[in-house]
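The chain contents come next:
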Amino acid sequence: MNWLILVIAGLFEIGWAIGLKYTEGFTRLWPTVGTALSMMLSVGLLGIAMKSLPVGTAYAVWVGVGAVGTAILGIVLFDEPVTMARLVSLALILAGIIGLKLSISFS
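As the structure is a prediction and not an experimental result, all values here were calculated from the model.

**A closer look at the packing of helix H1 (residues 2-23) against helix H2 (residues 29-49)**
Between H1 and H2, whose axes approach to 8 Å, the crossing angle comes to 155°. It follows that H1 is roughly antiparallel to H2 by the angle criterion. For H1 against H2, the interelement crossing comes out left-handed. Class assignment for the residues of the contact of H1 with H2 results in 15 nonpolar, eight polar and one charged.

Below, the structure written as structure tokens:
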């Protein structure tokens, strides 16, 4: 269950990272409110997940989910460049997340 909570925390991290773009420097009220709520939910859920998961693993997975998701949405929403190097790098981050999950499962 804590792995699911951790992934949801990562999804909220994606939400606040993308939300920052829409706040336009915190000058737009509703995007700012949504971004702040997403930040609080993300960190709160991370804290809950860390009750039973190792801190280094939980934090790395949280950041990894956020980084991969934010980069993908940057490509989709903001026409950021898609290069082979970028895709390989994202795949390596994803492989690291999977590796961390498996390392806990088999220990």
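**Some points on the nonpolar core**
In this structure, Leu 6, Leu 46, Leu 53 and Val 61 are the most contacted members of the largest nonpolar core, which totals 15 residues. The set of elements that each furnish at least two residues to this core consists of H1, H2 and helix H3 (55-78). Ranked by residues supplied to this core, first place goes to H1 with six residues. When residues no more than four places from it in sequence are discounted, the contact partners of Leu 6 are Leu 46, Ala 49, Leu 53, Ala 58, Val 61 and Trp 62.

**Digging into the side chain of Thr 57**
Along the chain, Thr 57 falls in helix H3. Under the relative-accessibility criterion, Thr 57 is labelled buried at 11%. With near-sequence residues (within four places) excluded, Thr 57 lies in contact with Trp 3, Leu 100 and Ile 104.

What counts, and at which threshold
Residues numbered from 1 in each chain as written. Predicted model: local features only at pLDDT ≥ 70, side-chain atom pairs only at ≥ 80, totals over all residues. Heavy atoms only, no water. Axes fitted to C-alpha atoms, helices over the stretch in contact; angles between N-to-C directions. Helix = DSSP H or I, 4+ residues; strand = E, 2+ residues; numbered from the N terminus. Parallel < 35°, antiparallel > 145°, perpendicular 65-115°, else oblique. Left-handed = near helix turned anticlockwise from the far one by under 90°. Nonpolar A, V, L, I, M, F, W, Y, C, P; charged D, E, K, R; others polar. Core = buried A, V, L, I, M, F, W, Y, C linked by side-chain atoms within 4.5 Å. Buried < 20%, exposed > 50% of the residue type's maximum accessible area, 1.4 Å probe, protein only. Contact = heavy atoms within 4.5 Å.

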